[in-house]
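So the chains spell out like this:
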Amino acid sequence: MLLSRYQFEFLEAGCDEAGRGCLAGPVFAAAVILPDDFEHELLNDSKQLSEEVRYRLRIEIEEKAIAHAVGIVDNIEIDAINILNASFLAMHRAIEKLHLNPQFLIIDGNRFNKYRDVPHKCIVEGDAKYFSIAAASILAKTYRDDYMKQIAEEHPEYDWHKNKGYPTIKHRETVMKIGYTPYHRRTFRVSDPQLEMF
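Everything numeric here is computed off the predicted structure, so don't read it as measured data.

### Description of the overall build of the protein chain
Phase 1: When its secondary structure is counted, the protein chain shows 6 helices and 5 strands.
Phase 2: Along the protein chain, from the amino end to the carboxyl end, the secondary structure elements read β-β-α-β-α-α-β-β-α-α-α.
Phase 3: Against the globule reference of 16 Å for 198 residues, the protein chain gives a C-alpha radius of gyration of 17 Å, in line with a compact fold.
Phase 4: Overall, the protein chain is about 55 × 35 × 30 Å in size when its C-alpha atoms are taken along their principal axes.
Phase 5: Looking at the protein chain as a whole, 54% of its 198 residues are labelled buried.
Phase 6: Considering only contacts in the protein chain between residues 6 or more positions apart, those separated by 24 or more positions represent 66%.
Phase 7: For the protein chain, the distance from the average site of its 25 positive side-chain charges to the average site of its 31 negative ones is 5 Å.

Shown next as structure tokens:
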């Protein structure tokens with residue numbers, strides 16, 4: 001069972017991102033503040049859930065969250081500042097959009113660029129440990145998937161409606177055959193042998 005909070009003294013927001021490892025499209029991040037007593041038997045790391053369950057949970061999260069917001073950094077910005085900094089920037093943008101100011105942040109992962117003067121804690125695999133980070137992972141993932149399905153209509157040959165911009169074999173082969181789109185990240189190596197796992 002996931003935990004409701006890392007600490008109970010300050011108003012806490014969980015943050016996570018989606019799309020770091022993609023060849024195309026933005027990186028999305030979400031920030032979520034949940035009630036102290038929030039519990040859900042299905043809520044977990046978005047990667048562990050089916051697409052259908054993720055979208056069902058998004059509705060519940062948005063209904064029950066005290067505050068929630070999504071931030072976006074596009075491929076142009078990613079190429080300019082690198083994907084790690086872009087992920088942090090997307091989280092900052094999500095936090096800025098919250099209608100309540102969090103007093104403490106819990107971040108999925110092991111690194112983060114401090115947001116203003118708000119204290120934070122980085123938690124490896126935090127999306128499988130805390131409800132608010134899991135909720136953020138679901139919002140970031142589903143909103144990014146929606147975006148990738150939308151732009152897939154402009155460039156159907158890349159299969160973004162299926163691969164969501166991740167470096168599948170077909171996606172990489174298509175890039176090498178017909179080139180980049182305006183949505184591709186030019187600093188990501190399409191032929192990188194480390195991507196053979198996809």
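There is more to say after this.
### Examining the packing of aromatic side chains
Aromatic ring pairs: the centre-centre distance and the angle between the two ring planes describe each pair.
Phase 1: A complete count under the given rule lists 7 aromatic pairs for this structure.
Phase 2: Measuring from centroid to centroid gives 5.8 Å for Phe88 and Phe112, while their planes differ by 80°, and the two rings are edge-to-face. Of this pair, Phe88 sits in helix H3 (residues 83–97) while Phe112 sits in the loop between strand S4 (104–108) and strand S5 (120–123); the two residues are 24 residues apart in sequence, bridging distant segments of the chain. Like Phe112, Phe88 is buried.
Phase 3: Between Arg58 and the ring centre of Tyr143, over which it is positioned, the NZ or CZ distance is 4.0 Å.
Phase 4: Lying over the aromatic face of Phe188, Arg185 brings its terminal NZ or CZ to 5.1 Å of the ring centre.

### Thoughts on the pairing of strand S1 (residues 12–18)
Phase 1: Burial runs high along S1: 7 of the 7 residues are buried.
Phase 2: Of the two faces of S1, the one carrying Glu12, Gly14, Asp16 and Ala18 and the one carrying Ala13, Cys15 and Glu17 are both buried.
Phase 3: Sheet topology note: the S1/S4 ladder contains 4 bridges and is parallel. Bridge pairing in S4 places Cys15 opposite Ile107.
Phase 4: Note that S1 and strand S2 (residues 27–33) share 5 bridges and pair antiparallel. Paired with Asp16 across the bridge in S2 is Ala30.

### Here's the deal with the packing of helix H1 (residues 51–64) against helix H4 (residues 131–152)
Phase 1: Put simply, H1 and H4 touch, their axes get as near as 9 Å, and they point 115° apart. Considering how the two elements wind past one another, H1 and H4 form a crossing that is left-handed. Between H1 and H4, the contacting residues are Glu51, Arg54, Tyr55, Leu57, Arg58, Ile61 and Glu62 on the first element and Ala135, Ile138, Leu139, Lys141, Thr142, Tyr143, Asp145, Asp146 and Lys149 on the second.
Phase 2: Residue classes in the contact of H1 with H4 are distributed as 7 nonpolar, 1 polar and 8 charged.

### Overview of the sheet that holds strand S3 (residues 67–73)
Phase 1: Spatially, 5 strands are ordered S3-S2-S1-S4-S5 in an open sheet, and the strand pairing comes out mixed. Of all the strands in the sheet, the pair left with one neighbour each is S3 and S5. Pairwise comparison of adjacent strand axes, ignoring direction, gives a mean angle of 20° for this sheet.
Phase 2: Its contacts with the sheet put H4 on S1, S2, S3, S4 and S5, and the angle it makes with S1 is roughly 35°.

### Topic: the environment of Thr142
Phase 1: Tracing the chain through its elements places Thr142 in helix H4.
Phase 2: By relative accessible area, which is 0% here, Thr142 ends up buried.
Phase 3: In this structure, the C-alpha to C-alpha distance between Thr142 and Ala80, residues 62 residues apart in sequence, is 25 Å.
Phase 4: When neighbours within four sequence positions are excluded, Thr142 is seen to be in contact with Arg54, Tyr55 and Arg58.
Phase 5: Reaching out from Thr142, the side chain makes a polar contact with the backbone oxygen of Ile138 at a distance of 2.8 Å.

About the criteria used
Each chain has its residues counted from 1, running along the sequence as written. In keeping with the model being predicted, local features are shown solely for residues with a pLDDT of at least 70 and side-chain atom pairs are shown and tallied solely at 80 or more, while totals for entire chains, interfaces and linings include all residues. In computing side-chain values, all of the structure's heavy atoms are included and hydrogens and water are not. Numbered from the N terminus, helices here are DSSP runs of H or I no shorter than four residues, and strands are runs of E no shorter than two. In this setup the radius of gyration rests on C-alpha atoms only. A globule is expected at 2.2 Å times the number of residues raised to 0.38. Note on exposure labels: buried denotes an accessible area under 20% of the residue type's maximum, exposed denotes more than 50%, and partly exposed covers the range between, all computed with a 1.4 Å probe on protein chains only. Contact between two residues is taken to exist if any of their heavy atoms lie within 4.5 Å; hydrogens are not considered. By the counting rule applied here, Lys and Arg register as positive and Asp and Glu as negative, while His and the ends of each chain are not counted. Charge positions come from single atoms, namely NZ of Lys, CZ of Arg, CG of Asp or CD of Glu. Pairing of aromatic side chains here covers Phe, Tyr and the six-membered ring of Trp, requires ring centres within 6.5 Å, and sorts the geometry by plane angle: under 30 degrees stacked, over 60 edge-to-face, intermediate tilted. For a lysine, the NZ atom is tested; for an arginine, the CZ atom; a charge sits over a ring if that atom is within 6 Å of the ring centre and within 35 degrees of the ring normal. Two strands pair if DSSP finds at least two bridges between them. Fitted lines through C-alpha atoms give the axes, limited to the stretch in contact for helices. The angle between two N-to-C directions lies from 0 to 180 degrees. By the definition used in this description, the sense in which the near helix is turned from the far one sets the handedness, with an anticlockwise turn below a right angle giving left-handed and a clockwise turn giving right-handed. Following the grouping adopted for this structure description, the nonpolar residues are Ala, Val, Leu, Ile, Met, Phe, Trp, Tyr, Cys and Pro, the charged ones are Asp, Glu, Lys and Arg, and the polar ones are all others, Gly among them. Under this definition, polar contacts are N or O atom pairs within 3.5 Å; protein pairs additionally need one hydrogen-donor-capable and one acceptor-capable atom, and for neighbouring residues in sequence, both atoms have to be side-chain atoms.

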